[in-house]
Amino acid sequence: MNIEKKHPRLATRDDLKRMGIKVSNTTKLRWEAQGRFPRRIRMGGTTVAWFMSEIEDWLAERDAERARTFYADY
């Protein structure tokens, strides 16, 4: 069995910020409700985390989206 499946790595809010995901908690909640961001897991109390593999997949999707989207030149 893959070590990631046995012991998945978790990302905290601070980890997300270090990865460049610097949006408000409200925005992340809205994105999660819309299916646009991985869903959080509740660790206890107000502590939440995300599976790192899902965050990495989400970032890869943003990269692919950027590659196929053309923005106007200014």
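Parameters at a glance
Residues numbered from 1 in each chain as written. Predicted model: local features only at pLDDT ≥ 70, side-chain atom pairs only at ≥ 80, totals over all residues. Heavy atoms only, no water. Helix = DSSP H or I, 4+ residues; strand = E, 2+ residues; numbered from the N terminus. Buried < 20%, exposed > 50% of the residue type's maximum accessible area, 1.4 Å probe, protein only. Core = buried A, V, L, I, M, F, W, Y, C linked by side-chain atoms within 4.5 Å. Contact = heavy atoms within 4.5 Å. Salt bridge = Lys/Arg side-chain N within 4 Å of Asp/Glu carboxyl O. Phe/Tyr/Trp six-rings, centres within 6.5 Å; stacked < 30°, edge-to-face > 60°.

If you check an unreviewed UniProt entry, the protein chain appears there as AlpA family phage regulatory protein from Halocynthiibacter halioticoli.

Colleague: So what exactly am I meant to see when it comes to the environment of S53 here?
Modeller: Within the secondary structure, S53 is located in helix α4 (residues 52-68). Looking at S53, the relative accessible area reads 29%, which means it is partly exposed. Put simply, S53 and P8 are 45 residues apart on the chain and 7.9 Å apart in space, counted from C-alpha to C-alpha.

Colleague: Is there a simple way to think about the nonpolar core in this case?
Modeller: Across soluble globular proteins, nonpolar side chains have a tendency to be buried as a group. With ten residues, the main nonpolar core is built from A11, L16, I21, W31, F37, V48, W50, M52, I55 and W58. Listed by contribution, the elements that provide at least two residues to this core are β3 (47-51) and α4. With three residues, the top contributor of residues to this core is α4. When sequence neighbours within four positions are dropped, the list of residues in contact with V48 reads T12, R13, R40, I41, R42 and M43.

Colleague: What should I look at first to understand the pattern of salt bridges in this one?
Modeller: Any two side chains of opposite charge can pair, so long as their charged atoms come close to each other. Summed over the entire model, instances satisfying the criterion amount to six salt bridges. Between E61 and R62 there is a salt bridge; the shortest N-O distance is 3.8 Å. Accessibility expressed as a relative area gives 44% for E61, which makes it partly exposed. For R62, a relative accessible area of 29% gives the class partly exposed. Here R66 and D63 are joined by a salt bridge, their closest N and O atoms 3.0 Å apart. Taken together, the positions of R66 and D63, both in helix α4 and three residues apart, correspond to about one turn of that helix. A single network of salt bridges, built from pairs that share partners, joins E61, R62 and E65.

Colleague: Just checking my understanding: could you explain the packing of aromatic side chains for this structure?
Modeller: Each aromatic ring pair is specified by the distance between its two centres and by the angle formed by the two planes. Here the structure, examined in full by the defined rule, presents four aromatic pairs. Ring centres 6.0 Å apart and planes at 35 degrees place the aromatic pair W31 and W58 in the tilted group. With a gap of 27 residues between them, W31 in helix α3 (residues 25-33) and W58 in helix α4 connect regions that are remote in the sequence. The same class applies to W31 as to W58, namely buried. On the basis of an interplanar angle of 75 degrees and a centroid distance of 6.3 Å, the ring pair of F37 and W50 is categorised as edge-to-face. Within this pair, whereas F37 is found in the loop between α3 and β2 (41-44), its partner W50 is found in strand β3, the two being separated by 13 residues in sequence. A single burial state applies to F37 and to W50, both of which are buried. These aromatic residues form a ring-pair network of at least three members: W31, F37, W50 and W58.

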